[in-house]
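Spelled out from the first residue to the last, the chains are:
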Amino acid sequence: MKVKKLPKDPGITGWNAILPDEPQRPELDEAVTADWLVIGAGFAGLTAARRLSEHHPDDRIIVLEASRLAHGPAGRNSGFMVDLPHDLSSSDYGGELTRDRQVTAMNRAAIDYAQSGAEKFGMSGEAFGRIGKTNAAATEKGLHHNQTYSEHLSRLGEAHQMLDAQAMKEMTGTDYYTGGLFTPGAAIIQPALYIRSLARGITSNRLTIYERSPVVELTRDGASWKANTPKGSVNAPKVIMAVNGHINSFGFFDRQLMPIFTYASMSRIMTPDEISALGGQPNWGVTPADPLGTSVRRISGIGGDRILVRNRFTYDPSMEVTDARIARVAMDHDRAFAARFPMLRGLDMEFRWGGRLCLSRNDVPAFGEVEENIFSACCQNGLGTAKGTLSGMLAADLASGANAEMVQAMLDEEAPQKLPPEPLAYIGANAFIRWGELRAGKEL
């Protein structure tokens, strides 16, 4: 099967740009053989490779990354590794109780596995910190969302804490937020630093990661699969596909997945005077009480003291967006930033980018054996850090014959539902998203 197209990642992700330069890994430029091939070196792909190395310590594992590590979607998210239900299509993130309990247990297993990797590979607290997160509310509607979600969490038996406006100001430095809902189980990460650190930790003389080596064709070759790249090839009997919505380009899950772009801007380094004017804590992150509102991170570490804002979603089946789109969205970011941080007038944004995520209409993964010995760990439904880790871990388990309870739970999910034909899907999805963003009001 020839790969229909390669996705493009718009803009320079600040998470990667603020880190020291990383030595380039090799580009695949020869024909090689392996016991396992993992396509994609994001959260799912690197986790799958790590898990395979634990199941099969003597096997040869190759990971192919189309771009450079952390330059693609894995280095373009907001860095929240969420344990609790977080359905972006709902009004308050919650769903049915039994399913939400199962989702929470599985998300936590993924975060536990990520944490074990962070500890094993000596990651810093900046790369991975299990410090919880806060849903921030700026309106009565947002407060109502948080209250409704709090009631849902109480029914689930989940620990959480409601924060008042003063507590929010003490954390963020701004009086924009009228309340918050803190949950302790989430991790907050520097996504590019985490991905780089995980890649370094799992690399060995039997596990090799190739950068700038996109798969352009995947075909049967006897008892193996052969993946061709522009300059080389890999033959392996088993393949794990960890490419999220890009799996459509390989011919799988056709018309069942929704490639969604979301957007972020990161400020330049704050001066000491700006840090003093802002106040608050040096490291924090808030997700919006309304799922289509604005996420904000304050970071202080390797790349200096900065603020990141993330909002806006667009459905783009081409898996590409223009520079003009980034520029238009940037105006929304600037408005959101100015409203929240009037004391930081003059703090410009240094980096702006878009990042791809993948949704299904019925909020289920694209998981399982899609063709003999090809296993999918795709469609994270907007939670690439936690659910990417989960799907990579479980795809490696499934491919290794370790059919544990969580693997079966993933296999028992419905198939992703078919999308309406184009252009109806494009028009309908983007109209629905924009309507939700407009309704979010000051939460955006």
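Everything quoted here is computed from the prediction, not taken from an experiment.

Colleague: Could you clarify how one ought to interpret helix α8 (residues 323-340) in this entry?
Modeller: One full turn of an α-helix is made of 3.6 residues, so residues set three or four places apart face in the same direction. The terminal C-alpha atoms of α8 lie 26 Å apart, and with 18 residues this matches the ideal 26 Å at 1.5 Å per residue to within 8%. The set of residues buried in α8 consists of R325, I326, V329, A330, D332, H333, A336, F337 and R340. The secondary structure elements touched by the buried residues of α8 are β15 (258-267), β17 (295-301), β18 (304-315), β19 (349-359) and α11 (424-440).

Colleague: Is there a simple way to explain the sheet that holds strand β9 (residues 187-189) in this structure?
Modeller: Backbone hydrogen bonds hold the strands of a sheet together, and the pairing may be parallel or antiparallel. In spatial order, the strands read β4-β9-β5; together these three strands make up an open sheet with antiparallel pairing. In this open sheet, the two edge strands, each paired with only one partner strand, are β4 (80-81) and β5 (128-129). Two elements, β4 and β9, share two bridges in a ladder whose sense is antiparallel. Counterpart to M81 in the pairing with β9 is A187.

Colleague: Where do I start with helix α3 (residues 97-120) in this structure?
Modeller: With 24 residues, α3 should cover 34 Å at 1.5 Å per step; its first-to-last C-alpha distance of 34 Å lies within 8% of that length. Sitting at the head of α3, E96 places a side-chain oxygen 3.1 Å from the backbone nitrogen of T98. Of the residues flanking the end of α3, it is G122, one or two places downstream, whose phi is positive at about 65°.

Colleague: Help me out: how do you make sense of the packing of aromatic side chains in this one?
Modeller: The relation between two aromatic rings is expressed through the spacing of the ring centres and the mutual angle of the planes. Applying the stated criterion across every chain, the model contains seven aromatic pairs. Look at F128 and Y194: their rings are 6.2 Å apart centre to centre, the planes differ by 35°, and that puts the pair in the tilted class. With F128 in strand β5 and Y194 in helix α6 (residues 191-202), this pair connects stretches of sequence that are 66 residues apart. We note that F128, like Y194, is buried. Between the aromatic rings of Y315 and Y426, the centroid separation amounts to 6.4 Å while the plane-to-plane angle is 40°, which identifies the pairing as tilted. A residue pair is termed long-range when its members are at least 10 positions apart, and Y315 in strand β18 and Y426 in helix α11 qualify at 111 residues. The partly exposed category is assigned to Y426, whose relative accessible area is 36%. The ring of F80 has R297 sitting right over it, with the charged end atom 5.9 Å from the ring centre.

Colleague: Any chance you could explain the sheet that holds strand β1 (residues 31-33) here in plain terms?
Modeller: Across the sheet, four strands lie side by side as β1-β13-β12-β11; this open sheet has mixed pairing. At either margin of the open sheet sits one strand with a lone partner, and together these are β1 and β11 (217-221). On average, each strand axis in the sheet is inclined to that of its neighbour by 20°, with strand direction left out of account. Here three bridges tie β1 to strand β13 (residues 233-236), and the two strands are oriented parallel to one another. The residue bridging A31 from the neighbouring strand is S233, located in β13.

Colleague: Would you mind showing me how to read the state of the cysteines here?
Modeller: Two cysteines form a disulfide when their sulfur atoms are joined by a covalent bond. Tallied over the full model, the rule gives zero disulfides. Free cysteine: C378, not disulfide-bonded; nearest cysteine sulfur from C358 at 7.7 Å. We note that C379 lacks a disulfide partner, and the nearest cysteine sulfur, in C358, lies 3.6 Å from it.

About the cut-offs
- Residues numbered from 1 in each chain as written.
- Predicted model: local features only at pLDDT ≥ 70, side-chain atom pairs only at ≥ 80, totals over all residues.
- Heavy atoms only, no water.
- Helix = DSSP H or I, 4+ residues; strand = E, 2+ residues; numbered from the N terminus.
- Expected span 1.5 Å × (residues − 1).
- Buried < 20%, exposed > 50% of the residue type's maximum accessible area, 1.4 Å probe, protein only.
- Contact = heavy atoms within 4.5 Å.
- Pairing = 2+ DSSP bridges.
- Polar contact = N/O pair within 3.5 Å; in protein donor to acceptor, adjacent residues only side chain to side chain.
- Phe/Tyr/Trp six-rings, centres within 6.5 Å; stacked < 30°, edge-to-face > 60°.
- Lys NZ or Arg CZ within 6 Å of the ring centre and 35° of its normal.
- Axes fitted to C-alpha atoms, helices over the stretch in contact; angles between N-to-C directions.
- Disulfide = S-S within 2.5 Å.

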